[in-house]
Amino acid sequence: MPGMFERIYEIVRRIPPGRVATYGQIAILAGMPRGARVVGYAMASCPEGKNVPCHRVVDSRGNTKAAFNVFQRGVQRMMLEAEGVAFGADGRVDMARYRWDGISK
DNA sequence: GCAGTGACCGTGA
DNA sequence: CTCACGGCCACTG
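Colleague: Which parts of the structure should I look at to understand the protein's contact with DNA strand C?
Modeller: The environment of DNA strand C is formed by Gly3, Met4, Phe5, Arg34, Arg37, Val38 and Tyr41. Counting only atoms of DNA strand C within 4 Å of the protein, the sugar-phosphate share comes to 67%. Met4 has a polar backbone atom sitting 3.4 Å from a phosphate oxygen of DNA strand C. Only α1 (4-13) and α3 (36-44) provide two or more residues apiece to the surface near DNA strand C. Sorting elements by how many residues they give to the surface near DNA strand C places α3 first, with 3 residues. Here the residues of the surface near DNA strand C are counted per class, giving 4 nonpolar, 1 polar and 2 charged.

In structure tokens, the structure reads:
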């Protein structure tokens with residue numbers, strides 16, 4: 001039986017390049033409407049050999065700074081920019097523009 | 001089985 | 001706008 005982590009990773013794998021998703025959004029898609037923290041916990045254990053684009057996961061305000069303990073300074077931002085995701089002057093992602101709808105591939 | 005932990009989120013002051 | 005607080009739930013020892 002796969003745990004919730006595997007389920008969460010499956011959702012993250014569906015995020016298309018050039019798009020981002022929030023923890024809460026992924027939690028909903030995984031069937032845990034209030035399980036945003038579990039998603040964060042899963043990302044903290046993000047397996048590196050499994051093709052999981054964990055850099056496309058940001059918080060509800062488009063902030064990537066939460067991942068300081070996992071990504072080195074600026075790495076996550078560079079990876080996203082390389083895919084075409086633009087950051088605002090405040091250093092956050094424009095969510096209205098790049099938020100994944102949860103459907104499109 | 002219990003208690004502690006955590007890349008969070010929404011609300012209210 | 002910022003800050004603090006409570007709730008959330010799988011995982012770990």
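Moving on from the coordinates now.
Colleague: Explain the packing of α1 against α3 here, please?
Modeller: Pairs of packed helices are described in terms of their axes, by the angle between the two and the distance that separates them. For the pair α1 and α3, the least separation of the axes is 10 Å and the interaxial angle reads 85 degrees. Taken together, α1 and α3 sit at an angle that is classed as roughly perpendicular. When α1 is examined against α3, the residues Phe5, Ile8, Tyr9 and Val12 are found in contact with a partner set consisting of Val38, Val39, Tyr41, Ala42 and Met43. Partitioning the contact of α1 with α3 into residue classes produces 9 nonpolar, no polar and no charged.

Colleague: I tried to follow the pattern of salt bridges on my own but got confused; where do I start?
Modeller: Between side chains of opposite charge, pairing is possible as soon as their charged atoms come close. Per the counting criterion, the structure on display carries 5 salt bridges. Here Glu10 makes a salt bridge to Arg13, at a shortest N to O gap of 2.5 Å. Taken together, the residues Glu10 and Arg13, both in helix α1 and 3 residues apart, mark about one turn of the helix. Arg13 gets classed as partly exposed once you look at its relative accessible area, which sits at 30%.

Colleague: Looking at this structure, how should I read α3?
Modeller: For an α-helix the count is 3.6 residues per turn, leaving residues at separations of three or four pointing the same way. Every buried residue belonging to α3 is among Val39, Ala42 and Met43, and all of these are buried. Each buried residue of α3 sits inside an arc of 100 degrees when the element is viewed along its axis, so together they form one side. Exposed positions of α3 whose direction lies more than 90 degrees from the buried face are Arg37, Tyr41 and Ala44. Summarising the contacts, the buried residues of α3 are in contact with α1, α2 (23-29) and β2 (57-58).

Colleague: I keep staring at the protein's contact with DNA strand B and nothing clicks. Help me out?
Modeller: With respect to spatial proximity, 15 residues lie near DNA strand B, and among them Arg37, Met43, Ala66, Ala67 and Phe71 are the closest. Expressed as a percentage, the sugar and phosphate content of the atoms of DNA strand B within 4 Å of the protein is 45%. One of the side-chain nitrogen or oxygen atoms of Tyr23 is found 3.1 Å away from a base nitrogen of DNA strand B. In this structure, a base nitrogen belonging to DNA strand B sits 3.4 Å away from a main-chain N or O atom of Cys54. Elements supplying a minimum of two residues to the surface near DNA strand B: α2 and α3. Among the elements that line the surface near DNA strand B, the one with the most residues is α3, at 5 residues. Of the residues assigned to the surface near DNA strand B, the class counts are 9 nonpolar, 4 polar and 2 charged.

Cut-offs used in this document
Residues numbered from 1 in each chain as written. Chains lettered and ligands numbered in written order. Predicted model: local features only at pLDDT ≥ 70, side-chain atom pairs only at ≥ 80, totals over all residues. Heavy atoms only, no water. Near = heavy atom within 4 Å. Polar contact = N/O pair within 3.5 Å; in protein donor to acceptor, adjacent residues only side chain to side chain. Helix = DSSP H or I, 4+ residues; strand = E, 2+ residues; numbered from the N terminus. Nonpolar A, V, L, I, M, F, W, Y, C, P; charged D, E, K, R; others polar. Axes fitted to C-alpha atoms, helices over the stretch in contact; angles between N-to-C directions. Parallel < 35°, antiparallel > 145°, perpendicular 65-115°, else oblique. Contact = heavy atoms within 4.5 Å. Salt bridge = Lys/Arg side-chain N within 4 Å of Asp/Glu carboxyl O. Buried < 20%, exposed > 50% of the residue type's maximum accessible area, 1.4 Å probe, protein only. Arc of directions from axis to C-beta.

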